[in-house]
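A look at the structure
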Amino acid sequence: MNFLKLLKPEAVKVIGAASSKKRLMHDLADLAEAAYGISAPAAVEALMERESLGPTGVGQGVALPHARIPELSDVVGVFILLDKPINFESVDRQPVDVVFGLFAPEDAGVEHLKALALVSRTLREASICAKLRANPDAATLYTILTEGESVAIA
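Rules and cut-offs
Note that residues are indexed from 1 along each chain, following the sequence as it is written. pLDDT decides what is reported in this predicted model: residues at 70 or higher carry local features, side-chain atom pairs at 80 or more are listed and counted, and totals for whole chains, interfaces and linings draw on all residues regardless. Computation of side-chain values: all heavy atoms of the structure, hydrogens and water removed. Every helix listed is a DSSP run of H or I at least four residues long, and every strand listed is a run of E at least two residues long, numbered separately from the N terminus. The atom set for the radius of gyration is the C-alpha atoms, and the globule formula is 2.2 Å times the number of residues raised to the power 0.38. The rule is simple: take the accessible area with a 1.4 Å probe, protein chains only, and divide by the maximum for that residue type; under 20% is buried, over 50% is exposed, in between is partly exposed. Here a residue-residue contact requires only that any non-hydrogen atoms of the pair lie within 4.5 Å. Under this rule, positive means Lys or Arg and negative means Asp or Glu; His and the chain ends count for nothing. Each charge is placed at NZ for Lys, CZ for Arg, CG for Asp and CD for Glu. Here is the rule: rings of Phe, Tyr and Trp (six-membered ring for Trp) pair when centre to centre is within 6.5 Å. Planes less than 30 degrees apart are stacked, more than 60 are edge-to-face, and the remainder are tilted. Charge-over-ring placement is defined geometrically: NZ (Lys) or CZ (Arg) within 6 Å of the ring centre, and within 35 degrees of the ring normal. A fitted line through C-alpha atoms represents every axis, and for helices the fit uses only the stretch in contact; the resulting angles, taken between N-to-C directions, go from 0 to 180 degrees. By definition in this entry, angles of less than 35 degrees are roughly parallel, angles greater than 145 are roughly antiparallel, angles of 65 to 115 are roughly perpendicular, and the rest are oblique. Take the far helix as your reference; a near helix turned counterclockwise from it by less than a right angle gives a left-handed crossing, and one turned clockwise gives a right-handed crossing. By salt bridge we mean one thing: a side-chain nitrogen of Lys or Arg within 4 Å of a carboxyl oxygen of Asp or Glu. By convention a nonpolar core is built from buried Ala, Val, Leu, Ile, Met, Phe, Trp, Tyr and Cys residues, the set being connected through side-chain atoms within 4.5 Å. Any residue outside Ala, Val, Leu, Ile, Met, Phe, Trp, Tyr, Cys, Pro, Asp, Glu, Lys and Arg is labelled polar, Gly included; the first ten of those are nonpolar and the last four are charged.

In terms of regular secondary structure, the protein chain is built from 6 helices and 6 strands. A compact globule built from 154 residues would reach a C-alpha radius of gyration of about 15 Å, and the protein chain, at 14 Å, matches this within 12%. Its C-alpha atoms give the protein chain principal-axis dimensions of about 35 × 35 × 25 Å. For the protein chain, the proportion of its 154 residues judged to be buried stands at 49%. Taking the intrachain contacts of the protein chain between residues at least 6 apart in sequence as the baseline, contacts between residues at least 24 apart amount to 73%. Taking the average place of the 15 positive charges on the side chains of the protein chain and the average place of its 20 negative ones, the gap between the two points comes to 5 Å.

What follows is the structure, encoded as structure tokens:
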């Protein structure tokens, strides 16, 4: 599993501000629909359902919302950088501005876990998050995320 397999360039976006966590989930779903053809209403519902089990804000301004979508055949990702951080009920109570959403097929057990591990490990790197926050251009963000393929999981 690697970012080149997980993320399309058109699935990366910079957003000025999201008014709420729910609005951000809609933005993630809209991006997933545009990039991968995932139904935005179904994606929002799945993301919110997963979020009700516990917040996916992992700390240090990073959130990893994820959901299973029955009609998918592969695990795919979307990335949003927010200009203005929002409250995400993160484990460290810090607002979130780096958001990587994952969508997995219903039966993608190991692949879903590998993708979550890859994204989590990558976004725990303070240097990578600093680069992401310093480059509010979608093409540059995609390059930053995909250039570190040495952290890929086999």
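Right, let's get into the packing of aromatic side chains. Taken as a whole and judged by the stated rule, the model has 2 aromatic pairs. Between F3 and F100, the aromatic rings sit 5.6 Å apart at their centres with planes inclined by 70 degrees, giving edge-to-face as the arrangement. Of the two residues, F3 is situated in helix α1 (residues 3–6) and F100 in strand β6 (residues 96–104); the sequence distance between them amounts to 97 residues. Taking relative accessible area as the criterion, F100 reaches 1% and is therefore assigned buried. Following the ring pairs from residue to residue traces out a cluster consisting of F3, F79 and F100. The ring centre of F88 lies 4.7 Å from the NZ or CZ of K21, which sits over that ring.

Orientation of helix α5 (residues 126–134) relative to helix α6 (residues 138–147), taken along the N-to-C sense of each, is 165 degrees, at an axis distance of 9 Å. As the angle between them shows, α5 and α6 are arranged roughly antiparallel. As α5 runs across α6, the sense of the crossing is right-handed. Contacts between α5 and α6 pair I128, K131 and L132 from the former with L141, I144, L145 and E147 from the latter.

Moving on to the pattern of salt bridges. Opposite charge on two side chains lets them pair, provided their charged atoms get close. Under the definition given, this model contains 6 salt bridges. For the salt bridge of R23 with D30, the shortest nitrogen-to-oxygen distance reads 3.7 Å. Classification of R23 by relative accessible area gives partly exposed; the value is 33%. When salt bridges that share partners are traced, they join K21, E51 and E89 into one network.

Glancing now at the nonpolar core. Counting 57 residues, the largest nonpolar core has L6, I38, F79, F100, F103, L123 and L132 as its most contacted members. Among the elements that make up this core, the one with the highest residue count is helix α2 (residues 21–36) (8 residues). Among residues more than four places away in sequence, those in contact with L132 are F79, L81, V98, L123, L141, I144 and L145.

Turning our attention to the packing of α2 against helix α3 (residues 40–51). At a closest axis distance of 8 Å, the pairing of α2 and α3 adopts a crossing angle of 135 degrees. Comparing their axes, α3 and α2 come out oblique. When you trace α2 past α3, the crossing you get is right-handed. Seen from α2, the contacting residues are K21, K22, M25, H26, L28, A29, D30 and E33; seen from α3, they are A40, A43, V44, L47, M48 and E51. Split by residue class, the contact of α2 with α3 holds 8 nonpolar, 1 polar and 5 charged.

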